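Below, each chain spelled out in residue letters.
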Amino acid sequence: MDAPEEPLPPVIYTMENKPIVTCAGDQNLFTSIYPTLSQQLPREPMEWRRSYGRAPKMIHLESNFVQFKEELLPKEGNKALLTFPFLHIYWTECCDTEVYKATVKDDLTKWQNVLKAHSSVDWLIVVVENDAKKKNKTNILPRTSIVDKIRNDFCNKQSDRCVVLSDPLKDSSRTQESWNAFLTKLRTSLLMSFTKNLGRFEDDMRTLREKRTEPGWSFCDYFMVQEELAFVFEMLQQFEDALVQYDELDALFSQYVVNFGAGDGANWLTFFCQPVKSWDGLVLRKPIDMEKRELIQRQEATVLDLRSYLFSRQCTLLLFLQRPWEVAQRALELLHSCVQELKLLEVSVPPGALDCWVFLSCLEVLQRIEGCCDRAQIDSNIAHTVGLWSYATEKLKSLGYLCGLVSEKGPNSEDLNRIVDLLAGLGAERPETANTAQSPYKKLKEALSSVEAFEKHYLDLSHAAIEMHTSIGRTRSARLVGKDLAEFYMRKKSPQKAEIYLQGALKNYLAEGWALPITHTRKQLAECQKHLGQTENYLQTSSLLASDHHVTEEERKHFCQEILSFASRQTDSPGHKIVLPLHCFAQLRDLHFTPSNAVVHVGGVLSVDITMCSQMPVPVHVEQIAINVHFSIEKNNYRKTAEWLTKHKTSNGIINFPTETSPCPASQNNLPALELYEMFERSPSDNSLNTTGIICKNAHMLLRRQESCASLETPSGVALEGGAHVLKCNDVTLEPGANRLMFRTQAKEPGTYTLRQLCVSVGPVRFVLPHLYPLVQYDVYSQEPQLRVEPLADSLLAGIPQKVKFTVTTGHYTVKNGDSLQLSNAEAMLILCHAENRAVIYSNTREKASDVLLRVQSSDKVTSISLPAAPAYHMIEFELEVLSLPSAPVTGGESSMLGMTEPHRKHKDTQKAGHCMATTDHKVSIDCPWSIYSTVIALTFSLPFRTTHSLLSAGTRKYIQVCVQNLSELDFQLSDGNLVDPGSADLQLVPLNAKSPQHTHSKQSVFFVWELKWAREPPPSLHCQFSVGFAPASEGQLSIPLKPYTYEFQVENFFTLYNVRAEILPPSGTEHCRTGSLCSLEVSITRLSGLLEVDKDEALSESDEYFSTKLMYEVVDNSSNWAVCGKSSGVISMPVVAQATHRVHMEVMPLFAGYLPLPDVRLFKYLPHHSAHSSQLDADSWIENDSLSVDKHVDDQLDSSSIKSRGSVHSASSSEHKGLPMPRLQALPPGQVFNSSMGMQVLVIPSKDDHVLEVSVT
Amino acid sequence: MAVCVAVIAKENYPLYIRSIPTENELKFHYMVHTSLDVVDEKISAMGKALVDQRELYLGLLYPTEDYKVYGYVTNSKVKFVMVVDSSNTALRDNEIRSMFRKLHNSYTDVMCNPFYNPGDRIQSRAFDSMVTSMMIQVLSRAPCCRAGEALWA
């Protein structure tokens, strides 16, 4: 209870502040209760509902209880909040009406009046009840009456303003209950008062803020007002709200500065624009920096002061809120914005002063944060603090540069003066850090004191920053700090320390492909390497820089000159070579072989054209450009042939090298694209597929270990290859840009040559391209001479002159004059010699070399072709005409039998075979001058024609028809068709053909017909020879007469023996046949001749000079027009006498109406079985069973076999049926039977009562 | 008022970078390159938290005394970095966002060009003029008085 006695301090150490509550009435009573009260009040939180939609908060309330005095009540217009009494309490334990009336009431009234006068409405009357007192005065009224009286007298409408607290000092449940009720009431009242008073305050504050555009408005005044609110929030431990107040002030100020920058300056702002005289950094170790606050209050603060103060308050609150990392983040922002604001406000700041301020501030913030966090926390939050570290490093660096602390010689007098001035601006060290060894103040002072101290501090900071950046994975930032460090070392003339940082940074930039930083770092590195005397490295960096387009022309020339002067300087001391990669000096663009397929024969000349782009800015004279070539003997002999090589090489012979886009990131461009190829592996013996798959041709490039990027800059161990095979080019001046280089070589050994390494020599400097990629190869081959003969067309046609192409590949053989090809003639093939056969000589690359007349000499056996003289590895091509004599294949027997029985099947057969031409092979053996062995060449000729013949009959008159079918693609002219039978002179062949030549187009047929006439009995067989002259229709004049086409065949059994005649008669009495009604079929079989040679077979039986033969007839209707009623077949015995006739009568029934063809009547020779005696059996009886049992297949055999083989067929079939005494049927040869009713039709009319009309459409 | 605009490939090499005071190009290159540290950090942090949220704007990457560096990352991890003069306090977050969105649209147009090889440096004139407009456009607009509007509006 001491506190109320003391006079209140004007302000403030906010943390000790509590909201003020005044106490009036019985002071002793309050004193006795106070300990419990102050202990109990903050115990439970209370929800504070707030205006303006702010979120409600739970608050633990505490209060500062002071004795009520009228002075405590704020006067009109006083806006102080900290000293504002939020609640007034009147304490009494009066329980006596008399006492109440006498003293307490008056006292209360007075108190109330004072409050009313100050319009304070936050009050409370507490009546403390004490049982002990009550017991002493038993006569008094019940206690309620006093409370009621008070309520009645003072709390006219707010009866809850009067609270009863019973037996507060006892430990009973009743006491507890009443305490709780009281405390709740107290807290509620306090909060209500807060809400009301703070709300009013905020309203006032807002009003004040709205006046900010008025001329007299002062930011500092307003600052004080809003800070008051912040203090109250802080007092209520509402740090968040307090922070908001400062943030608002911060933002308001920032906005003013921005507006000032835009030319809208507020008057008050000019106060802040005083020149900066002190730069002692932030002060964060005190909760409130009273000095600065007073400066602000007096409107004497500079921008830095205001910012420092604001930030120190924000920092304090943030630390209360356990947000140290936000402090770090805000600090960085603050420092940046302060620097900006000073610029914007055009505040004059001595050079270096801001750097000092920032440096000190950074360290202050960092130390403040370190002071309130443990190591582990700090380590895990480096990301938040590292910015401050590197900022401090940066600032120290610029201070060092400013004050001459980085130079070799140390600071001069001007620098020293500056240092003194800067130190003066720091003032004296503040007392709170005076005892700290590592205070920012001490650090800065020390760092500025000497070159050595500066270096120590700067390195410390730099290393710390690098380490921190690295530890959180900010490698790029670490590299940047490292580069600063390298610059520092370079200034300090210790390039060996700088190199590692530069290399590290460069590696990083190269890896990510940042061109400008690469160039810049390289320039630094070049300087560093020059100082270090690393000749090779320096030359390499120089060459890279000389070829870098981001470097100015002058600098490029300078670096180029560095290389050239080195090269010229060193010429006198040979032996020492400096190997540098080529890509920084020049780049290959393309490579071109002549001959373009990069295949040369032994002794041939190969030239390689290379386009090389010099990257140097000036022309460079080069002593030698050499390409090392790797030679390998090809194991596979086949690969050596020119054809193979020509087929498998790129056609144009130009190889383009991928352009190296130098600053491209390693990740994607260092790897070449996949080169995938299909692969088929066939077994060598039968060419069947063994394996197939996809192979990657450049797997070695893709799979090799990624070399570290450092090797890009250091001359990697490029070994100079020595070798026997080198392509050279001497004394070349490489102009900037594209240069064409030509290498010539003469091919010596056959094999494959791979271009490996390219080396450009400038003095002792060798620019080396270790591997040419893509693979560049050329092949040298040696080839055996070869002769190839092939037809010009797809196939050769026999009978007409055909062209055949001869190709002589000379290979390594040189064809001399007099060399000739000796062709031994095949019998049936002629080689036609023309006067002007020309041979063309081609070079290996198919270029026409010359055109020579070819001499061909033919003798009986040998045709000799004298070859024109041709050099090695050339080709001689010429064409010769050959003629194969058309010989018809030997055809025997009968071919198709047109118009006779069963013609259909035979047609089918002929058509089937009709599409391929018959071929003949001719073998020619050729003696070549280069070989003792003969070459045998087979030529296949196709016959252009296919010929068939057939026998036609008309009664006994006979005709022979020959069909010539043109199978080739050519059109032919046929003339002089001729048919002779040299055997029988008494036979006459009368041609029925046109005399004029016949034109037959491709795939067409021409028919020739002759009538056969004889005087005497004709022979059983005819031996015919058909010949026809032919010539290709297109060619007008043929050089040689062509042999006619011949065809030989035999015709047998052509003489007609039987005439079959069928007739259908309508039933008697009717005019026409009707469907469904029986008609009679009359068949008459007439023998036309007497006994002939052909009749002499088993069927013939003789009795008494009377010859007869057995025939079987059969009526078959294949088209089902007729129904044969009764017996359809039968065996007859036919007398072998001319005009002997046998008639058969049958009943048939037409099934359809219309003109119906007659049913077929077939005639067979009926051969008895082997036994000599004639069969007793009635043949009909088993024929009627079904004709299945009859051996009918003989008939089928007839179709294909000749009649000559009849006997054998017979025996074959008889042997098959050994033991079965069965007669056999044999179809009569078609020439022997003439069906005179063939093609006849009978009109059948539908029966009248037919109610079903069947219509069949066929 | 961007002073430097950069488009950086997924592999962190520059596809496009242009800055207005050309004499200081190198400085901006270093700055943009270094800012990739923070971009990486933010992307990996975002990878965990904001997978579906699709927030492409990375916000302020890191401030320096004179410049503010803002970042933006496309879904294909192409980064846009914009450097803004610190003194240009009138430029607010929303404007930066819309500038980035414009940049992204223009970049998409570049990508849609069938003759453009993804991964090549951007040489599109349309893109270039868009960037130019972004560098100049805001320059011409004077920052107006907006004291505290945003604060207690």
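Residues numbered from 1 in each chain as written. Chains lettered and ligands numbered in written order. Predicted model: local features only at pLDDT ≥ 70, side-chain atom pairs only at ≥ 80, totals over all residues. Heavy atoms only, no water.

**Digging into the overall build of chain B**
- Assigned secondary structure in chain B consists of four helices and five strands.
- In chain B, the order of α-helices and β-strands from amino to carboxyl end is β-β-α-β-β-β-α-α-α.
- Counting every position in chain B, which comprises 153 residues, the buried fraction comes to 48%.
- Total accessible area computed for chain B in this model is approximately 7400 Å², and 53% of it derives from carbon and sulfur atoms. (Helix = DSSP H or I, 4+ residues; strand = E, 2+ residues; numbered from the N terminus. Buried < 20%, exposed > 50% of the residue type's maximum accessible area, 1.4 Å probe, protein only. Areas by Shrake-Rupley, 256 points an atom, 1.4 Å probe, with all protein chains shown as cover.)

**Topic: the side chain of Glu881(A)**
- Relative to the elements of secondary structure, Glu881(A) occurs in strand β29 (residues 874-884).
- One buried charged side chain, Glu881(A), makes no salt bridge at all; its nearest oppositely charged neighbour is Lys803(A), positioned 4.8 Å away. (Lys, Arg positive; Asp, Glu negative; His and termini not counted. Salt bridge = Lys/Arg side-chain N within 4 Å of Asp/Glu carboxyl O.)

**Observations regarding the interface of chain B and chain A**
- On the chain A side, the residues contacting the 34 residues of chain B number 37 residues.
- Of the roughly 3100 Å² buried between chain B and chain A on both sides combined, carbon and sulfur atoms contribute 59%.
- Between Asp66(B) and Lys343(A) there is a salt bridge whose closest N-O contact spans 2.9 Å.
- Among the secondary structure elements, those contributing two or more residues to the side of chain B that touches chain A are β2 (14-19), α1 (25-49) and α4 (149-152) of chain B.
- Element by element, the count of residues in the side of chain B that touches chain A is highest for α1(B), at 12 residues.
- The residue makeup of the side of chain B that touches chain A, split by class, is 16 nonpolar, nine polar and nine charged. (Contact = heavy atoms within 4.5 Å. Buried area = accessible area lost by both parts, 1.4 Å probe. Nonpolar A, V, L, I, M, F, W, Y, C, P; charged D, E, K, R; others polar.)

**Considerations on a nonpolar patch on the surface**
- A cluster of nonpolar residues, Leu674(A), Leu676(A) and Ile694(A), forms a patch on the protein surface that exposes about 340 Å² of accessible area.
- With respect to the helices and strands, Leu674(A) occurs in the loop between α24 (666-669) and β14 (676-682). (Patch = residues over 30% accessible without salt bridge, like charges linked within 9 Å, V, L, I, M, F, W, Y side chains within 5 Å.)

**Describing the sheet that holds strand β5 (residues 85-92) of chain A**
Residue and element names in this part refer to chain A.
- Pairing in this open sheet of five strands is parallel, and the strands run β4-β1-β5-β6-β7 from one edge to the other. With partners counted over all chains shown, the strands left at the sheet margins are β4 (64-67) and β7 (162-166), one partner each. Sheet twist, expressed as the mean angle between neighbouring strand axes with direction ignored, is 30°.
- When β5 meets strand β6 (residues 123-129), the two strands line up parallel, connected through five bridges. Its bridge partner lying in β6, Trp91 is registered against Val126.
- Sheet strands in contact with helix α1 (residues 27-40) are β1 (20-25), β4, β5, β6 and β7, and its direction is about 120° off that of β5.
- Relative to the sheet, helix α2 (residues 97-117) contacts β1, β5 and β6, its axis offset from that of β5 by approximately 170°. (Pairing = 2+ DSSP bridges. Axes fitted to C-alpha atoms, helices over the stretch in contact; angles between N-to-C directions.)

**A word on the sheet that holds strand β36 (residues 998-1000) of chain A**
Residues and elements named next belong to chain A.
- Taken together, four strands build an open sheet; the order of strands is β36-β34-β38-β39 and the sheet is antiparallel. Either end of the sheet is taken by a strand with one partner, and the two such strands are β36 and β39 (1045-1052). Across the sheet, the axes of successive neighbouring strands diverge by a mean angle of 35°, strand direction being ignored.
- Across seven bridges, the pairing between strand β34 (residues 972-980) and strand β38 (residues 1021-1032) is antiparallel. Pairing of Asn978 across the sheet is with Ser1027, part of β38.

**Points about the environment of Tyr509(A)**
- Tracing the sequence through the fold places Tyr509(A) in helix α19 (residues 495-512).
- Counting along the chain gives 12 residues from Tyr509(A) to Thr521(A), while the straight-line C-alpha distance between them is 8.9 Å.

**Examining helix α9 (residues 290-297) of chain A**
Residues and elements named next belong to chain A.
- Turning to α9, its buried residues are Lys292, Arg293 and Ile296. All buried residues of α9 fall inside an arc of 100° around its axis, so they share one side.
- Among the structural elements, α6 (219-235) and α10 (303-320) are those in contact with the buried residues of α9.
- In the stretch just after α9, Gln299 is the one whose phi turns positive, near 60°. (Arc of directions from axis to C-beta.)

**Some points on the state of the cysteines**
Residue and element names in this part refer to chain A.
- Applying the stated rule across the entire model yields zero disulfides over all chains.
- Not part of a disulfide, Cys1073 finds its nearest cysteine sulfur in Cys1079, a span of 3.5 Å.
- The exposure class of Cys1073 is buried, given its relative accessible area of 1%. (Disulfide = S-S within 2.5 Å.)

**A few points about the pattern of salt bridges**
All names here are of chain A.
- Taken as a whole and judged by the stated rule, the model has 41 salt bridges over all chains.
- A salt bridge links Glu227 to Arg293; the nearest nitrogen and oxygen atoms lie 2.6 Å apart. One end of the pair, Glu227, is in helix α6; the other, Arg293, is in helix α9, and 66 residues separate them in sequence.
- Residue class for Glu227 comes out buried when judged on its relative accessible area of 0%.
- Put simply, Asp247 and Arg330 hold a salt bridge, and the shortest N to O gap is 3.0 Å. Highlighted residues: Asp247 in helix α7 (residues 239-261) and Arg330 in helix α11 (residues 324-344), separated in sequence by 83 residues.
- Among the residues examined, Asp247 registers a relative accessible area of 24% and is labelled partly exposed.

**With respect to unusual backbone geometry**
All names here are of chain A.
- In the Ramachandran plot, Gln299 falls in the positive-phi region, its phi being about 60° despite a non-glycine side chain.
- Tracing the backbone shows Gln299 in the loop between α9 and α10.
- Judged by relative accessible area, which is 23%, Gln299 ranks as partly exposed.
- With a phi angle near 55°, Lys493 is a residue other than glycine that sits in the positive phi range.
- Under the relative-accessibility criterion, Lys493 is labelled partly exposed at 48%.

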